[in-house]
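So you can see what is in the structure, the chains are spelled out below.
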Amino acid sequence: MNKPGQQIHSRHIEIATYEGSSDSVIVEGILHDERLIETYRPTGETHPPGTVHHMIIRMEVRGPKLIIDDIEVKMPTVPYEACIETLECLNQLKGLPIIAGFTARVKRLIGGRKGCCHLLSLLTAMAPAAVQGAWSAVIREPVGQDVFLEMAMGRVKNTCWVWREDGPLINEWRSKV
């Protein structure tokens, strides 16, 4: 591959998890698209470099089952006013658990013309971070084996090569609990 030329676009996704109520965490995701060069509109007029998308999703995720209790969307910068019409599309995710198959289910509910592909990208990046953040919140103190099994084994098993069901890490964890 040749050395890349001038950078023309950047996308940054930032995700952080915060303490929520006694059994929840708040997961915040920020998507920021920046056009770094001047571009042309179909009319021939120029469009200066700048922010194209700045979107924020905050969701409250409860308990070891990782249920989405609440979700809010903010769109400080969007390319078209009509984009604002998708602000409420994520509300239908309230009550869903973040479990295996979550991404596919979310794509069915809000993908394509039912929602916003940028919100979908941000939300699907937030789901694994929600698991990590919720786990960090739980293990700030020693936990019982039942909680450990539900959160650790129930959430990481078969999520990647290292945590495959027949792999050495899962077998090691099984033998310790």
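All figures in this text were calculated on a predicted structure; none of them were measured in a lab. (Residues numbered from 1 in each chain as written. Predicted model: local features only at pLDDT ≥ 70, side-chain atom pairs only at ≥ 80, totals over all residues. Heavy atoms only, no water.)

Engineer: Whenever I open this one, unusual backbone geometry confuses me. Can you help?
Structural biologist: Most of the time, phi is negative for any residue but glycine, and the peptide bond is trans. Even without being glycine, Leu-66 reaches a positive phi, approximately 55°. Taking relative accessible area as the criterion, Leu-66 reaches 0% and is therefore assigned buried. (Buried < 20%, exposed > 50% of the residue type's maximum accessible area, 1.4 Å probe, protein only.)

Engineer: Sorry if this is basic, but what is going on with helix α1 (residues 102-110) here?
Structural biologist: A turn of α-helix holds 3.6 residues, and therefore any two residues three or four places apart point the same way. Every buried residue of α1 is accounted for by Phe-102, Val-106 and Ile-110. An end-on view of α1 places all buried positions within 35° of arc, on one side of the element. Just past α1, the residue Gly-112 takes up positive phi, approximately 60°. (Helix = DSSP H or I, 4+ residues; strand = E, 2+ residues; numbered from the N terminus. Arc of directions from axis to C-beta.)

Engineer: Where do I start with the packing of α1 against helix α2 (residues 117-138) in this structure?
Structural biologist: A pair of packed helices is characterised by two quantities: the angle between their axes and the separation of those axes. Contact geometry for α1 and α2: axes closest at 10 Å, N-to-C directions at 160°. Relative to α2, the element α1 lies roughly antiparallel. Where α1 crosses over α2, the handedness of that crossing is right-handed. Between α1 and α2, the residues in contact are Phe-102, Thr-103, Val-106, Lys-107 and Ile-110 and Leu-120, Leu-123, Thr-124 and Ala-127, respectively. Looking at the contact of α1 with α2 residue by residue, the class counts come to 6 nonpolar, 2 polar and 1 charged. (Axes fitted to C-alpha atoms, helices over the stretch in contact; angles between N-to-C directions. Parallel < 35°, antiparallel > 145°, perpendicular 65-115°, else oblique. Left-handed = near helix turned anticlockwise from the far one by under 90°. Contact = heavy atoms within 4.5 Å. Nonpolar A, V, L, I, M, F, W, Y, C, P; charged D, E, K, R; others polar.)

Engineer: Even after reading the chapter, I still don't get the nonpolar core, so can you show me in this structure?
Structural biologist: Note that soluble globular proteins tend to have their nonpolar side chains buried in a common cluster. Ile-57, Met-59, Leu-90, Ile-98 and Leu-123 are the most contacted members of the largest nonpolar core, which totals 32 residues. For this core, the secondary-structure elements that each account for two or more residues are β2 (24-35), β5 (50-62), β6 (67-77), α1 and α2. Each residue touching Met-59, except ones within four places of it in the same chain, is listed here: Val-25, Ile-26, Val-27, Ile-68, Asp-70, Ile-71, Ile-98, Leu-123, Met-126 and Ala-130. (Core = buried A, V, L, I, M, F, W, Y, C linked by side-chain atoms within 4.5 Å.)

So far we have only geometry, and geometry alone does not tell us how the molecule works.
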